[in-house]
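Spelled out from the first residue to the last, the chains are:
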Amino acid sequence: MTDRAVRNLANLKKTASTARVLNLLRVWQEHRHAEGWKAAPMFRHAALNRALILKHRLRRDEVDRFGTHRHVATKIILPMDGDDLRLGGRYLFVGQTGYDRTMQETFGVGPHHPDRQVLALMDELPGLDPFLLREQLRRNGLTPDPCYFNLSEADLARMAQFVAQEIQPLVDLSLGPDVDLDAVNPVARLTARIMCFTPGADMSSLCATLRLEPHECDEGVFCWKGFLYYKWALNSVIGDVGDVLEGVRRARPYGRAGAEQIVALERARERVDRRILQTCEAAADMLRVYDEAFFAMTRRGDPTRFRDFLRDAPLLFSELGERLGAVQHVISFWRFRAAAGKPRLTYEELFDLLADFETSLAGRETPDTASLAA
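Now for a look at the structure at hand. Computed from a predicted structure; not experimentally measured. (Residues numbered from 1 in each chain as written. Predicted model: local features only at pLDDT ≥ 70, side-chain atom pairs only at ≥ 80, totals over all residues. Heavy atoms only, no water.)

### Side note on the packing of aromatic side chains
Turning to step 1, where the next piece is worked out: Taken as a whole and judged by the stated rule, the model has 21 aromatic pairs.
Turning to step 2, where the next piece is worked out: Ring-pair connections join several aromatic residues into one group, and the members of that group are Phe 131, Phe 222, Trp 224, Phe 227, Tyr 229, Tyr 230, Trp 232, Tyr 290, Phe 294, Phe 306, Phe 309 and Phe 317.
Turning to step 3, where the next piece is worked out: The ring of Trp 28 has Arg 32 sitting right over it, with the charged end atom 4.4 Å from the ring centre.
Turning to step 4, where the next piece is worked out: Directly above the aromatic system of Tyr 91 lies the positively charged group of Lys 75, at a separation of 4.2 Å from the ring centroid. (Phe/Tyr/Trp six-rings, centres within 6.5 Å; stacked < 30°, edge-to-face > 60°. Lys NZ or Arg CZ within 6 Å of the ring centre and 35° of its normal.)

### Observations regarding the pattern of salt bridges
Turning to step 1, where the next piece is worked out: Applying the stated criterion across every chain, the model contains 25 salt bridges.
Turning to step 2, where the next piece is worked out: Close ionic contact of Glu 246 with Arg 250 constitutes a salt bridge, the shortest N to O distance being 3.7 Å. Here the residue Glu 246 and the residue Arg 250 both occupy positions in helix α11 (residues 214–250), the gap between them amounting to four residues, near one helical turn.
Turning to step 3, where the next piece is worked out: Residue classification places Glu 246 among the partly exposed residues on the basis of a relative accessible area of 35%.
Turning to step 4, where the next piece is worked out: Between Glu 266 and Arg 269 there is a salt bridge whose closest N-O contact spans 3.0 Å. Taken together, the positions of Glu 266 and Arg 269, both in helix α12 (residues 259–298) and three residues apart, correspond to about one turn of that helix.
Turning to step 5, where the next piece is worked out: Here the salt bridges do not stand alone but share partners, grouping Glu 216, Arg 307, Asp 308 and Arg 311 into one network. (Salt bridge = Lys/Arg side-chain N within 4 Å of Asp/Glu carboxyl O. Helix = DSSP H or I, 4+ residues; strand = E, 2+ residues; numbered from the N terminus. Buried < 20%, exposed > 50% of the residue type's maximum accessible area, 1.4 Å probe, protein only.)

### Here's the deal with the packing of α11 against α12
Turning to step 1, where the next piece is worked out: Two elements in contact, α11 and α12, have axes whose closest approach is 10 Å; the angle formed by their N-to-C orientations is 160°. Compared by their axis directions, α11 and α12 come out roughly antiparallel. The crossing of α11 and α12 is left-handed. Of the residues in α12, those touching α11 at Trp 224, Phe 227, Leu 228, Tyr 230, Lys 231, Leu 234, Ile 238, Val 241, Leu 245, Val 248, Arg 249 and Arg 250 are Arg 269, Asp 273, Ile 276, Leu 277, Cys 280, Ala 283, Ala 284, Met 286, Leu 287, Tyr 290, Asp 291 and Phe 294. (Axes fitted to C-alpha atoms, helices over the stretch in contact; angles between N-to-C directions. Parallel < 35°, antiparallel > 145°, perpendicular 65-115°, else oblique. Left-handed = near helix turned anticlockwise from the far one by under 90°. Contact = heavy atoms within 4.5 Å.)

What follows is the structure, encoded as structure tokens:
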């Protein structure tokens, strides 16, 4: 365990992206008296269950902490004082050199402890958004309490306008297009209820509209929020992809290179360019299944298809989360490495970075979304 202080935790809490940061300290502060949190914690060790876990871009002086080459790691931060994050904290990386010994000495958590399994599953993921994370854990037989799977305050604020526009057709269907929105503001109310939804909240009227049974309501609203999140995330990254692709194409590495090295680098650029576009297109195809089901409900008056879609939605969460997480990783790391003031990349460094991007974007085969659209 390193004792190096992490000084930006307070800012991290305010601005953190849901896809990058899992704030277990916030969950503890808000839910530690709830029976669900006590009965089904994310981690069994109390300190881990109040940690901040994030996907971290490795700096040059951090890369050699690992036996294998990687650009992004899963970072566990233990705040010095949960009430004052300005004091910073101590951290370690999942899988760093000496990881087994540090986990045993600090937490008493051995290689076969359940908390190690959870951390390993998190480390496999490109991001930590709650929909991808929950599906990853569920596939491996782990079901922490739903309180762990909420969006960050920063993302909720950034998404508000987008979600309001998305659900406008449902409000029109329910109230009619001539209702005085200034007087009742149903869009804002429904937006807040969906995005700030917690299991057990009274969503009976909405679920009746969606024709969801009471026992299906919590899961249905969670899945709906997931697709709104992924649609917003895709729209957000699309605007950045062009700049990154242009930067990759125009990057002029430092130093001399042989003809074969130059040809290999150009081919790597082309592969990354193609994979980014293919990944975004695949994500858009999956989201079109959602759009078609929502259109059937709001324009054709047939909520059955949307209800069935929500029931099957978790099948797509892992694919969407992995694809969008990979693109977000490429955008984030390229901006970090190509920022003003950073040293120019050598041919070897640029080729290595592009290889990492290509591996991240490879993903899995696109699922049979047609079966969900049927």
